[in-house]
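Summary of structural features
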Amino acid sequence: IDVSSRKTIDSTKINKNGEFKFKLNIELPTFYSLRFSNNEQVTLIASPDEVLEISGTLNDIKNNYWVDGSENSLWIKLLNFQITRTITLTDSLKRSYQALPQGINKQISFTRDFIIKHATSPASYYALYQKIDDNIGVMDEFEDLHYFKVVASSLTALYPESQYTKAIMNHLKQISQAIRNQQLAAVINNTEGSLPDINLP
């Protein structure tokens, strides 16, 4: 999973014992999506010199799998489990709109806490960009700017050449520019009422 796209890099068949293998050469922690023939998928983080062992049942694999050998991939599993719970709760509460923000607020608190506890894991990058639906992100880039900076600082220190590090640093520049634009607009709006009328030929 690249920053802005996904690309297929390998494929394999499950043997008669239900087993399969991949071997990849990587230099930095990288996100991968393991997709099955039924279109279900599992997101993993592979790091250099790691041997990941994934086990589970094919039906509803995203909720029925386990990963050994990759703590970062288990953090992704936890993040996905929590966001799925929140989405399910949110869907069930849509008829009771007043209760809706409470479930989202719990997810925001969970994500903030996760980032502080696991700031050195690339899973924190994943946590920043999780969404309740296509239009609602868990983290707000302005209200949660501190958490974006925490992740950016950690990734810069540990993986300065990673595409995810470069992406979040670029995103932080965009956020900073947007904040400056908002501040400038506020200054202009506050000043307009106090400017004197000028009559010049």
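See the structure printed just above.
The residue numbering used here restarts from 1 in each chain and proceeds along that chain's sequence as written. Residues qualify for local features only when their pLDDT is at least 70, as the model is predicted, and side-chain atom pairs are given and counted only at 80 or more; totals for whole chains, interfaces and linings, by contrast, use all residues. As a rule here, side-chain values cover all heavy atoms of the structure and leave hydrogens and water aside.

1. Re the pattern of salt bridges
Throughout this description, the term salt bridge denotes a Lys or Arg side-chain nitrogen within 4 Å of a carboxyl oxygen of Asp or Glu. Enumeration over the complete set of coordinates arrives at five salt bridges. Notably, a salt bridge pairs Asp 144 with Arg 112, separated by 2.6 Å at the nearest N-O pair. Of this pair, Asp 144 sits in the loop between helix 3 (123-128) and helix 4 (145-158) while Arg 112 is found in helix 2 (residues 100-117), placing the two residues 32 residues apart along the sequence. What makes Asp 144 buried here is its relative accessible area of 2%. Strands are runs of DSSP state E lasting at least two residues, helices are runs of H or I lasting at least four, and both sets are numbered from the N terminus onward. For each residue, the accessible area found with a 1.4 Å probe, counting protein chains only, is set against the maximum for its type, and the residue is called buried under 20%, exposed over 50%, and partly exposed in between.

2. Details of the packing of aromatic side chains
Note on ring pairs: Phe, Tyr and Trp rings are taken, using the six-membered ring of Trp, and paired if centres are within 6.5 Å. Classes follow the plane angle, with under 30 degrees stacked, over 60 edge-to-face and the rest tilted. On inspection of all chains with the given rule, the structure shows ten aromatic pairs. On the basis of an interplanar angle of 70 degrees and a centroid distance of 6.1 Å, the ring pair of Phe 20 and Phe 22 is categorised as edge-to-face. Here Trp 75 and Phe 114 contribute two aromatic rings whose centre-to-centre distance is 6.1 Å and whose plane-to-plane angle is 80 degrees, an arrangement assigned as edge-to-face. Of this pair, Trp 75 sits in helix 1 (residues 71-93) while Phe 114 sits in helix 2, placing them 39 residues apart in sequence. Among the aromatic side chains, those forming a connected cluster through ring pairs are Phe 31, Tyr 125, Tyr 126, Tyr 129, Phe 148 and Tyr 164. The positively charged end of Lys 77 is found above the aromatic ring belonging to Tyr 65, 4.4 Å away from the centroid. Any Lys NZ or Arg CZ found within 6 Å of a ring centre and within 35 degrees of that ring's normal is scored as a charge over the ring.

3. Some thoughts on the environment of Leu 74
Note that Leu 74 resides in helix 1. Through-space distance from the C-alpha of Leu 74 to that of Thr 43 is 9.7 Å; in sequence the pair is 31 residues apart. The contact definition used throughout considers only heavy atoms, calling two residues in contact when any of these lie within 4.5 Å. Leaving out residues up to four positions away in the same chain, Leu 74 has contacts with Trp 66 and Val 67.

4. Topic: the layout of surface pockets
In this structure, the largest pocket spans a volume of roughly 1600 Å³. Elements that contribute at least two residues to the lining of the largest pocket include exactly strand 1 (30-35), strand 2 (41-46), strand 3 (53-56) and helix 5 (163-192). With six residues, strand 1 is the single largest residue contributor to the lining of the largest pocket. Under the grouping applied here, Gly and all other residues not named as nonpolar or charged are polar, the nonpolar ones being Ala, Val, Leu, Ile, Met, Phe, Trp, Tyr, Cys and Pro and the charged ones Asp, Glu, Lys and Arg. For the lining of the largest pocket, the class distribution of residues is 21 nonpolar, twelve polar and 14 charged. A cavity here means a set of points on a 1 Å grid, drawn over the protein atoms and nothing else, where a 1.4 Å probe fits but cannot get out; a pocket is an open set with protein on both sides within 12 Å along at least five of seven lines, and a residue lines either one if it has an atom within 4 Å of a point. Grid points are joined across faces, edges and corners, and a volume is the space filled by probe spheres set on the points. Of the volumes computed, that of the second largest pocket is approximately 890 Å³. For the second largest pocket, the lining is made up of 32 residues, of which Arg 6, Thr 43, Asn 80, Tyr 126 and Gln 130 are closest to its centre.

5. A closer look at unusual backbone geometry
If you check the backbone angles, Asp 49 has positive phi at about 70 degrees while not being a glycine. Counting through the fold element by element, Asp 49 comes out in the loop between strand 2 and strand 3. For Asp 49, a relative accessible area of 83% corresponds to the exposed category. In the Ramachandran plot, Asp 60 falls in the positive-phi region, its phi being about 55 degrees despite a non-glycine side chain. Along the polypeptide, Asp 60 turns up in the loop between strand 3 and strand 4 (65-68).

6. Things to note about the nonpolar core
The definition of a nonpolar core used throughout is a set of buried Ala, Val, Leu, Ile, Met, Phe, Trp, Tyr and Cys residues joined through side-chain atoms within 4.5 Å. Ranked by internal contacts, the top residues of the largest apolar core, which has 28 residues, are Ile 115, Ala 123, Tyr 125, Leu 128, Met 139, Val 151 and Ile 168. When contributions to this core are tallied by element, the ones reaching two or more residues are helix 1, helix 2, helix 3, helix 4 and helix 5. Top element by residues in this core is helix 4. It accounts for six residues. By size, the runner-up hydrophobic cluster in this structure holds seven residues, among which are Leu 34, Val 42, Leu 44 and Ile 61.

7. Here we look at the environment of Ala 123
One can find Ala 123 in helix 3. Distance from Ala 123 to Leu 44, taken between C-alpha atoms, is 9.3 Å for residues 79 residues apart in sequence. Once you skip the residues sitting within four places of it in the chain, Ala 123 turns out to touch Ile 45, Asn 72, Trp 75, Ile 76, Leu 79 and Phe 114.

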